[in-house]
Amino acid sequence: MTIWTKAIAAGMAVLFAAQSACAQDFFMSGTSPMDLAPMTRTITNSAINKHSLDAISRRNAARDRSGVPMSAAAGTPRGILTQAATQPDPGRGPALPFHASAADQQRAKDAFLQRLSAKNPSVVAQARDQMARHDFDRIYAGITRPFGLSPNDAGDVMTAYLVLGWMVANGAPDPSISGVRAARDHVASLLAQGGALADPATRAAVAEELKLLFVIMHSGWQSARREGTLGQYANGVARMFATQNGDDLRRIVLTDGGFRAR
């Protein structure tokens, strides 16, 4: 059993020790990766890109016009994962801690459901039921903690979401713990630029929604494995990241030194 599989099993055991359960138990049938797109776009644009990543993109565009190679056309906004893959080693990434109250978690769920209703209203009732019956925060922590990622740090949560998306899109094997930690250093350093996440309340709002997206994308991935639709699901995740976040997941690799451009 691989470390990722063990992590999945640990996460399931937290909630379903007394019953036979798996990711499909909280998978919302009828959803697709593109149903997550409005949420990821809103999260990254409103809470991060507006203040921080747009500024980074402008600086990168200026560097690119001066002759530095890049993976996209000069001036084209690039997603955080692409930027992480093209940055020099930042050293130890800064901590971005937060404390989410029960009210913070409920607000994240409400915001998620509101956005989902605009994209796929037929599954909103099922999503609300799943969120009421399962502790998504504990599921998330059970899956990611073996990789040294904290459920109470916005840099760690964003890293978990990006790594999962990259794995799904590429059909990649388990990442190494060192690779995940290096990716986290790059991601946290980028998030800290511009001060968009200087406020712990903003960190909590961003991270709590990303946890929901992580668990739902992960459960969809496991369901696609069982249903024989993994290729279609992987393509959907790749398309979602490219369309909404500006990241071409299939032009990036995850090494022991973090994300790198192919």
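Just so it is clear, the structure is predicted and the values come from calculations on it, not from any experiment.

**Examining the packing of helix 7 (residues 154-170) against helix 8 (residues 177-192)**
The geometry of a pair of packed helices is captured by two quantities: the angle between their axes and the separation between those axes.
Part 1: Interhelical geometry of helix 7 versus helix 8 gives an angle of 120 degrees and a closest axis separation of 8 Å. Here helix 8 runs oblique to helix 7, going by the angle between their axes. Read as a crossing pair, helix 7 and helix 8 show a hand that is right-handed. Each of Ala-154, Gly-155, Asp-156, Met-158, Thr-159 and Leu-162 in helix 7 lies in contact with helix 8, whose residues at this interface are Val-180, Arg-181, Ala-183, Arg-184, Val-187, Ala-188 and Leu-191.
Part 2: Among the residues making up the contact of helix 7 with helix 8, the classes are represented as eight nonpolar, two polar and three charged.

**Quick notes on the packing of aromatic side chains**
Part 1: Counted by the stated rule, this structure contains three aromatic pairs.
Part 2: Note on Tyr-140 and Phe-214: the rings are 5.1 Å apart at their centroids and 80 degrees apart in plane angle, and the pair reads as edge-to-face. A residue pair is termed long-range when its members are at least 10 positions apart, and Tyr-140 in helix 6 (residues 136-144) and Phe-214 in helix 9 (residues 200-227) qualify at 74 residues.
Part 3: By relative accessible area, which is 0% here, Phe-214 ends up buried.
Part 4: On the numbers, 6.4 Å between centres and 70 degrees between planes, the contact of Trp-166 with Phe-259 is edge-to-face. Placement of the pair is Trp-166 in helix 7 and Phe-259 in strand 2 (residues 258-261), with a sequence separation of 93 residues. Here Trp-166 and Phe-259 have matching classes, each one buried.

**Some details on the packing of helix 4 (residues 102-119) against helix 9**
Part 1: At a minimum axis distance of 8 Å, the contact between helix 4 and helix 9 shows a crossing angle of 60 degrees. If you check the angle between helix 4 and helix 9, you find them oblique. The way helix 4 lies across helix 9 gives a crossing that is right-handed. For the pair helix 4 and helix 9, the contacting residues are Gln-105, Ala-108, Lys-109, Ala-111, Phe-112 and Arg-115 in the first and Glu-208, Glu-209, Leu-212, Leu-213 and Ile-216 in the second.
Part 2: By residue class, the composition of the contact of helix 4 with helix 9 is six nonpolar, one polar and four charged.

**Regarding helix 7**
Part 1: The terminal C-alpha atoms of helix 7, which comprises 17 residues, lie 24 Å apart, in line with the 24 Å expected from a rise of 1.5 Å per residue.
Part 2: Where helix 7 begins, the side chain of Asp-153 points an oxygen toward the backbone nitrogen of Gly-155, at a separation of 2.9 Å.
Part 3: Looking one or two residues past helix 7, Gly-171 carries a phi angle of roughly 60 degrees, positive in sign.

**Considerations on helix 8**
Part 1: The end-to-end C-alpha distance of helix 8 is 22 Å, a good match for the 22 Å that 16 residues give at a rise of 1.5 Å each.
Part 2: With 13 of 16 residues buried, helix 8 is to be regarded as a mostly interior element.

The rules behind these values
Residues numbered from 1 in each chain as written. Predicted model: local features only at pLDDT ≥ 70, side-chain atom pairs only at ≥ 80, totals over all residues. Heavy atoms only, no water. Axes fitted to C-alpha atoms, helices over the stretch in contact; angles between N-to-C directions. Helix = DSSP H or I, 4+ residues; strand = E, 2+ residues; numbered from the N terminus. Parallel < 35°, antiparallel > 145°, perpendicular 65-115°, else oblique. Left-handed = near helix turned anticlockwise from the far one by under 90°. Contact = heavy atoms within 4.5 Å. Nonpolar A, V, L, I, M, F, W, Y, C, P; charged D, E, K, R; others polar. Phe/Tyr/Trp six-rings, centres within 6.5 Å; stacked < 30°, edge-to-face > 60°. Buried < 20%, exposed > 50% of the residue type's maximum accessible area, 1.4 Å probe, protein only. Expected span 1.5 Å × (residues − 1). Polar contact = N/O pair within 3.5 Å; in protein donor to acceptor, adjacent residues only side chain to side chain.

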